[in-house]
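The lines below spell out each chain.
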Amino acid sequence: MTFELVQNEDSLTVRARDVDLFRYVHRPVMDPFEAPKPYLHPVRTLAGDVVTGYRPHDHRWHKGIQITASWVSGHNFWGGGTYLRGHGYVDLPNLGTMRSLTLSAETGRGRAVITEALAWHTMAGEHWIDERRTLTAHDVGGDFWTLDVTTSLTNVRDSGLVFGSPGTQGRELAGYTGLFWRGPRDFTGGEVIGPAMGGQGDRLAFIGTHDEVDRSSTLLFLDDPDTPGHWFVRSEPMPAVNPSLAFDEELPLAPGDTLSRRYRIVVADGAWTAGRLSRHLAEHPW
């Protein structure tokens, strides 16, 4: 399989089989209230159907697939209001930014690899985290392709950081933070195969049906096999999946330490059954 790269000043598009599989916007321009950060959108199946949502009216800071964090020692790299115990969501001057410093991309050996260095800054301009990120598109089959995402977050402060979420602040079943997928509006009410909200497990699939065309698509999410956590997943009132870093327990990161995670997303044509999902995992071990 041959991949193509189309690169410009603020984004990079990965193509295969004459389909733009995804566009990675690494230098976004957006309102500070949306906590500017890189994102993948649109993401497409091999049939060309879009399986990500962008800036929906209910949560303008949701943009396709992002690596993000809703609570880092009281700061919000997610966007929107911050959930505070006893107060609910409050708009605060605590919205951070993830800045892309360097980005390189290459193709070969049946894959396309994007490597990026980023810096996380608070709204006040303090540099808290250095990140190393890779996005690897590979394993293109007859009706699917695979995206691997890895991230390493290094605390560059002289004091510790704590990763949390609205869940760790007391909002029940709202432990979203980390790698996050927002589906398109027409996936609302889609089928989830895997753990329910807050459940544990190394995999979860979301099946949605598209407007305008008589087709469905399946996304299979695999959490880091070394450190599986809890799933934040919704089908109603919006389609969203997040293998949470800190669903209901805070995750500390000492000065100089690095937090590493790896994930896999299989983007497939059609509504895959539980049996098809199991066969795929057996034939394509991670």
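Structure first, text after, so check above.
Just so we're clear, the structure is a prediction, and the values are computed from it rather than from any experiment. (Residues numbered from 1 in each chain as written. Predicted model: local features only at pLDDT ≥ 70, side-chain atom pairs only at ≥ 80, totals over all residues. Heavy atoms only, no water.)

(A) View of the pattern of salt bridges. For the coordinates displayed, the defined rule picks out 13 salt bridges. A salt bridge links glutamate 34 to arginine 55, with the nearest nitrogen and oxygen atoms 2.7 Å apart. Here glutamate 34, found in the loop between β3 (19-25) and β4 (39-43), pairs with arginine 55, found in the loop between β4 and β5 (65-68); they are 21 residues apart in sequence, far enough to count as distant. Take arginine 55: its relative accessible area is 38%, and that puts it in the partly exposed class. Of the charged contacts, one joins aspartate 58 and arginine 182 as a salt bridge, the two residues approaching to 3.2 Å between their closest N and O atoms. Within this pair, whereas aspartate 58 is found in the loop between β4 and β5, its partner arginine 182 is found in strand β14 (residues 178-182), the two being separated by 124 residues in sequence. Relative accessible area serves as the criterion here: at 28%, aspartate 58 is assigned to the partly exposed category. We classify arginine 182 as buried; its relative accessible area is 2%. (Salt bridge = Lys/Arg side-chain N within 4 Å of Asp/Glu carboxyl O. Helix = DSSP H or I, 4+ residues; strand = E, 2+ residues; numbered from the N terminus. Buried < 20%, exposed > 50% of the residue type's maximum accessible area, 1.4 Å probe, protein only.)

(B) Expanded view of the sheet that holds strand β13 (residues 161-164). Spatially, β6-β13-β20 is the arrangement adopted by the three strands of the open sheet, whose pairing is antiparallel. With one partner strand each, in any of the chains shown, β6 (71-72) and β20 (251-253) form the two edges of the open sheet. In terms of strand pairing, β13 meets β20 through three bridges, oriented antiparallel. Bridge assignment links valine 162 to a residue of β20, and that residue is proline 252. (Pairing = 2+ DSSP bridges.)

(C) Quick peek at the sheet that holds strand β10 (residues 111-121). Strand order in this open sheet of eight strands is β9-β10-β11-β12-β21-β17-β16-β15, and the pairing throughout is antiparallel. The strands lining the two open edges of the sheet, one partner per strand, are β9 (97-108) and β15 (191-193). Neighbour-to-neighbour, the strand axes of this sheet turn through a mean angle of 15°, independent of strand direction. Where β15 lies against strand β16 (residues 203-209), three bridges are found, and the strand directions are antiparallel. Bridge assignment links isoleucine 193 to a residue of β16, and that residue is alanine 205. Those strands touched by helix α1 (residues 274-283) are β12 (144-155), β15, β16, β17 (216-222) and β21 (258-269), and its axis lies near 50° from that of β17. (Axes fitted to C-alpha atoms, helices over the stretch in contact; angles between N-to-C directions. Contact = heavy atoms within 4.5 Å.)

(D) Geometry of unusual backbone geometry. Going from histidine 41 to proline 42, the amide bond is cis rather than trans, its omega being -5°. Residue position: proline 42 is located in strand β4. Residue proline 237 is bonded to the preceding glutamate 236 through a cis peptide linkage, with omega at -5°. Here proline 237 shows up in the loop between β18 (230-234) and β19 (240-244). With phi around 55°, arginine 17 is a residue other than glycine that occupies positive phi space. Take arginine 17: it is sitting in the loop between β2 (11-16) and β3.

(E) View of the side chain of asparagine 155. For asparagine 155, the position within the fold is in strand β12. Overall, asparagine 155 belongs to the buried group, its relative accessible area being 2%. Only 2.9 Å separates the side chain of asparagine 155 from the backbone nitrogen of arginine 157, close enough to count as a polar contact. Only 3.0 Å separates the side chain of asparagine 155 from the backbone oxygen of leucine 253, close enough to count as a polar contact. For asparagine 155, the contacting residues outside a window of four places in its chain are Trp128, Gly160, Leu161, Leu253, Ala254, Pro255, Gly256 and Asp257. (Polar contact = N/O pair within 3.5 Å; in protein donor to acceptor, adjacent residues only side chain to side chain.)

(F) The arrangement of α1 in detail. Listed as buried for α1 are Leu277, His280 and Leu281. Angularly, the buried residues of α1 cover 95° about the axis, an arc narrow enough to put them on a single face. Turned more than 90 degrees away from the buried face of α1 sit Ala282 and Glu283, all of them exposed. In the core, the buried residues of α1 are packed alongside β12, β15, β16, β17 and β21. (Arc of directions from axis to C-beta.)

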